[in-house]
Amino acid sequence: MKIGWFATGGHTEVGGLPRFLQRIDDRTRWVRCFPAVQKPGPKLGRAAPAPSDEGITGADLGARMLKLIRERHQPGEFDAYLLVDDADCRFCGDEPTAARAAFTERLALEVAQHLGRDVPVVVLLASPEIEAWFVADWSRGFRATYPRHADALGRAVNRLLKAHDLDRDRIEAFGCPRAGASCTTKLSDEIIALVEARGGRYSKGIDGPSMLKRIDPTRVARRCRRDFAPALAELRRVMTAHAAAN
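Summary of the structure given here. Bear in mind that the values here come from a model prediction, so they are computed numbers and not experimental data.

## Regarding the packing of aromatic side chains
Inference 1: Throughout the structure, instances matching the rule amount to 10 aromatic pairs.
Inference 2: Considering the side-chain rings of Phe 20 and Trp 133, the 5.2 Å spacing of their centres and the 20° angle between planes classify their relative orientation as stacked. Taken together, the positions of Phe 20 in helix H1 (residues 11-24) and Trp 133 in helix H4 (residues 131-136) put the pair 113 residues apart, joining distant regions of the chain. Trp 133 carries the same exposure label as Phe 20, and that label is buried.
Inference 3: Here Phe 78 and Tyr 81 contribute two aromatic rings whose centre-to-centre distance is 5.4 Å and whose plane-to-plane angle is 50°, an arrangement assigned as tilted.
Inference 4: Owing to a relative accessible area of 5%, Phe 78 belongs among the buried residues under this scheme.
Inference 5: Here Arg 168 stacks its cationic end above the ring of Trp 138, 4.5 Å away from the centre of that ring.

Here you go:
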């Protein structure tokens, strides 16, 4: 199976997402359609998004995906498409799953209109940011990156979530409701502060990709049940259906 993927133009995603997708299914051919990557990156051996694509997210990412499909893709070129993005509290509210589903349906409709055929489209959101996945699979995420400070850092993360009336099983709601163009409180900013307070450092260009390569999608789904788990289940359903048909 061949899946074309589009992701937010971040250093973490560019560096770590290919390996993460292989962990979902290593028999699938995952093809990066966006963002473009500059090689070598600013640091030797580290891939980085092309300057023109860096930071593209949200509605802009969806628009870029449709533009590239219209300009470059032919019917039958891909068996499915995957959009990976930070939610940034776009789907806060009483029915965030329904809102995400409506967004996915609109995107799939526009893709089908261009290609002249229905093609599965799955939207995999990191809610509110990809750091939630690193908390969800703690042993392969933050614990593996900061072994000396892992216990203290874990307790600090639990206190942070409790201060927002949350726990690790509801981390996807962190930062809601949305304020302006982003969450009221940025999860990544809070975690960076907690890491630095314990003498560590957290780099989205170095530590982020390393954690994304290590974490287990199934373990993430056990904690991130609102947005991540349904999307992962849908992606696997698409793969199973394709295998059965071929």
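Let's pick the thread back up.
## Brief notes about helix H7 (residues 187-197)
Inference 1: What H7 keeps buried is the set Leu 187, Ser 188, Ile 191, Leu 194 and Val 195. Taken end-on, H7 shows its buried residues confined to a sector of 125°, consistent with a single buried face.
Inference 2: If you follow the buried residues of H7, they end up packed against H4, helix H5 (142-145) and helix H6 (150-163).
Inference 3: One or two positions beyond H7, positive phi appears at Gly 199, with a value near 85°.

## Focus: the packing of H6 against H7
Inference 1: Running from N to C, H6 and H7 point in directions that differ by 140°, and their axes come no closer than 10 Å. The element H6 and its partner H7 pack so that their crossing is right-handed. Between H6 and H7, the residues in contact are Leu 153, Ala 156, Val 157 and Leu 160 and Leu 187, Glu 190, Leu 194 and Val 195, respectively.
Inference 2: Residue composition of the contact of H6 with H7, by class: seven nonpolar, no polar and one charged.

## Some words on the state of the cysteines
Inference 1: Scanning the model with the defined rule gives two disulfides in all.
Inference 2: Covalently, Cys 89 is tied to Cys 183 through a disulfide, its sulfur atoms 2.1 Å apart. Taking the sign of the S-S torsion, 100° for the link of Cys 89 and Cys 183, the bridge is right-handed. Of this pair, Cys 89 sits in the loop between strand E5 (80-86) and helix H3 (96-115) while Cys 183 sits in strand E8 (residues 182-183); the two residues are 94 residues apart in sequence, bridging distant segments of the chain.
Inference 3: For Cys 183, a relative accessible area of 7% corresponds to the buried category.
Inference 4: Across the disulfide, Cys 92 is cross-linked to Cys 176 (sulfur-sulfur distance 1.9 Å). As the torsion about the S-S bond is roughly -80°, the Cys 92-Cys 176 disulfide counts as left-handed. Residue Cys 92 is found in the loop between E5 and H3, and its partner Cys 176 is found in the loop between H6 and strand E7 (178-179); the two are separated by 84 residues along the sequence.
Inference 5: Owing to a relative accessible area of 25%, Cys 92 belongs among the partly exposed residues under this scheme.
Inference 6: Cysteine pairing in the protein follows 1-4, 2-3, where each cysteine in a disulfide is numbered by its order in the sequence.
Inference 7: No disulfide involves Cys 224; its sulfur sits 13 Å from that of Cys 176, the nearest cysteine.
Inference 8: When its relative accessible area of 0% is taken as the criterion, Cys 224 is described as buried.

## Observations regarding the sheet that holds strand E2 (residues 29-34)
Inference 1: The four strands are arranged E2-E1-E5-E6 in an open sheet whose pairing can be described as parallel. Bordering the open sheet on either side are E2 and strand E6 (121-126), each of which pairs with just one other strand. Each strand axis lies, on average, 25° off the axis of its neighbour in the sheet, ignoring direction.
Inference 2: Strand contacts of H1: strand E1 (2-7), E2, E5 and E6, with the helix running at about 145° to E1, the strand carrying the most contacts.
Inference 3: Those strands touched by helix H2 (residues 58-72) are E1, E2, E5 and E6, and its axis lies near 155° from that of E5.

## Focus on H1
Inference 1: With 14 residues, H1 extends 20 Å between its outermost C-alpha atoms, agreeing within 8% with the 20 Å of an ideal straight helix rising 1.5 Å per residue.
Inference 2: Of all the bends in H1, the greatest reaches close to 50° and is centred on Leu 17; the proline Pro 18 follows between one and four positions later.
Inference 3: Within the span of H1, buried status applies to Thr 12, Glu 13, Val 14, Gly 16, Leu 17, Phe 20, Leu 21 and Ile 24.

## With respect to the pairing of E1
Inference 1: Burial analysis of E1 places five of its six residues in the buried class, which makes it a mostly covered element.
Inference 2: As defined by bridge partners, E1 adjoins E2 across five bridges and the pair is classed as parallel. Bridge pairing links Phe 6 to Phe 34 in E2.
Inference 3: Taken together, E1, H1 and E2 form a β-α-β motif whose crossover is right-handed.
Inference 4: By the bridge criterion, five bridges tie E1 to E5 in an arrangement that is parallel. Bridged to Phe 6 within E5 is Leu 83.

Cut-off values and rules
Residues numbered from 1 in each chain as written. Predicted model: local features only at pLDDT ≥ 70, side-chain atom pairs only at ≥ 80, totals over all residues. Heavy atoms only, no water. Phe/Tyr/Trp six-rings, centres within 6.5 Å; stacked < 30°, edge-to-face > 60°. Helix = DSSP H or I, 4+ residues; strand = E, 2+ residues; numbered from the N terminus. Buried < 20%, exposed > 50% of the residue type's maximum accessible area, 1.4 Å probe, protein only. Lys NZ or Arg CZ within 6 Å of the ring centre and 35° of its normal. Arc of directions from axis to C-beta. Contact = heavy atoms within 4.5 Å. Axes fitted to C-alpha atoms, helices over the stretch in contact; angles between N-to-C directions. Left-handed = near helix turned anticlockwise from the far one by under 90°. Nonpolar A, V, L, I, M, F, W, Y, C, P; charged D, E, K, R; others polar. Disulfide = S-S within 2.5 Å. Pairing = 2+ DSSP bridges. Expected span 1.5 Å × (residues − 1). Bend = angle between axes of the 7 residues up to and from the residue. Right-handed = clockwise from strand over helix to strand, strands pointing away.

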